[in-house]
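Single-letter residue listing:
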Amino acid sequence: MGRATTIDTETILDAAREVFIEDGVQGTTAEIARRAGVSEGTLFRRFATKEALFFECMGLPVRPEFLAQLQDRVGQTSVDEELTTFLHGAIRFFEEIIPKIMLMMANGSGARIIPGADAPPVAAIRMVANYLAAEHALGRLRPHDPEIAARMLLGSTWHYVFAEIVGINEYSPMPKHTFVRGVVDSLLRGLEPETTKI
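Let me sum up the structure you'll find in this document.

A separate point is the nonpolar core. Formed by 51 residues in total, the largest nonpolar core has its most connected members in Ile-12, Ile-32, Leu-53, Phe-86, Phe-94, Val-128 and Leu-132. Among the secondary structure elements, those contributing two or more residues to this core are α1 (9–23), α2 (29–36), α4 (50–58), α5 (65–72), α6 (79–105), α7 (120–137), α8 (146–166) and α10 (176–189). Among the elements that take part in this core, α6 stands out by supplying 11 residues, more than any other. Setting aside residues up to four positions removed in sequence, Phe-86 forms contacts with Phe-66, Leu-67, Leu-70, Val-128 and Leu-154.

Here we take up the packing of aromatic side chains. With the rule as written, the count across this model stands at 4 aromatic pairs. Consider the rings of Phe-20 and Phe-54, whose centres lie 5.1 Å apart with planes at 85 degrees: the pair is edge-to-face. One end of the pair, Phe-20, is in helix α1; the other, Phe-54, is in helix α4, and 34 residues separate them in sequence. Among the residues examined, Phe-54 registers a relative accessible area of 2% and is labelled buried. Measuring from centroid to centroid gives 5.2 Å for Phe-94 and Trp-158, while their planes differ by 75 degrees, and the two rings are edge-to-face. Here Phe-94, found in helix α6, pairs with Trp-158, found in helix α8; they are 64 residues apart in sequence, far enough to count as distant. Residue Phe-94 is classed as buried on the basis of its relative accessible area, which comes to 7%.

A word on the layout of surface pockets. Considered as a void within the structure, the second largest pocket measures approximately 370 Å³ in volume. For the second largest pocket, the lining is made up of 17 residues, of which Arg-142, Ala-149, Met-152, Leu-187 and Leu-188 are closest to its centre. Breaking the lining of the second largest pocket down by element, the ones donating at least two residues are α8 and α10. When residues of the lining of the second largest pocket are assigned to their parent elements, the largest contribution, 5 residues, is made by α8. By residue class, the composition of the lining of the second largest pocket is 10 nonpolar, 4 polar and 3 charged.

Here we come to the side chain of Glu-135. Tracing the chain through its elements places Glu-135 in helix α7. Not counting chain neighbours up to four residues away, the residues in contact with Glu-135 comprise Arg-73, Val-74, Gly-75, Val-79, Arg-140 and Leu-141.

So, about the environment of Leu-188. For Leu-188, the position within the fold is in helix α10. Residue classification places Leu-188 among the partly exposed residues on the basis of a relative accessible area of 25%. Note: C-alpha distance between Leu-188 and Val-79 (109 residues apart in sequence) is 8.6 Å. In contact with Leu-188, not counting residues within four places along its chain, are Val-79, Asp-80, Leu-83 and Leu-141.

Conventions we followed
Along every chain, residues carry numbers that run from 1 in the direction the sequence is written. The model is predicted, so local features are restricted to residues of pLDDT at least 70 and side-chain atom pairs to those at 80 or more, both for listing and for counting; the totals for chains, interfaces and linings are taken over all residues. Values shown for side chains rest on all heavy atoms present in the structure; no hydrogens or waters enter the calculation. To form a nonpolar core, buried Ala, Val, Leu, Ile, Met, Phe, Trp, Tyr and Cys residues must be joined to one another through side-chain atoms within 4.5 Å. Classification of residues uses two cut-offs on accessible area relative to the type maximum, computed with a 1.4 Å probe and protein chains only: under 20% is buried, over 50% is exposed, and between them is partly exposed. What counts as a helix is a DSSP run of H or I of at least four residues, what counts as a strand is a run of E of at least two, and both are numbered from the N terminus. It only takes one pair of heavy atoms within 4.5 Å for two residues to be counted as in contact. Any pair of Phe, Tyr and Trp rings, taking the six-membered ring for Trp, is counted once the centres come within 6.5 Å. Such a pair is stacked with planes under 30 degrees apart, edge-to-face with planes over 60 apart, and tilted for the rest. Residues are called lining when one of their atoms sits within 4 Å of a cavity or pocket point, these points coming from a 1 Å grid over the protein atoms alone, where a cavity is a set in which a 1.4 Å probe fits but cannot get out and a pocket is an open set with protein on both sides within 12 Å along at least five of seven lines. Grid points are joined across faces, edges and corners, and a volume is the space filled by probe spheres set on the points. Gly is put with the polar residues, along with every residue not named as nonpolar or charged; the nonpolar set is Ala, Val, Leu, Ile, Met, Phe, Trp, Tyr, Cys and Pro, and the charged set is Asp, Glu, Lys and Arg.

Here it is in structure tokens:
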């Protein structure tokens, strides 16, 4: 009897990448296994979940370091410094993942990229909101809706990187440090004019 062929992990990752680029996260593990020439059981022996396989084949970290560090920095240096560091990390992260997500969405399938309440983008909003709420609890931020503030931080950063990738910033240039400083200042100080106390 012949020796069983060993399928290396890279073959599985290549097949998974093809399927996810074509079908988004809705691509099935059955199709991935078929293309890789293995059973679905083999997939799940190497990758605990379909989501883990997705992140591995697309080279996407599940919990980026810049995000994880924010949770440990509550009450440390100023909120201004923490958000500045956070946004620079977010820009580097989005510069890496946005082109990959655009590639996946280019197939026109309309597939949602990362569905679910525990999906990393949803978790990111929650983590940033938790940081902001914790800073408020320490009296370092005024009362606010932390989820809205988290979405403003993440959404504006995503848009900045997207604008860089598609060339919008060529017509309306803005250096990274100017963008980060402006977002932090606008969020922390607000846009209302200062009132003079009499």
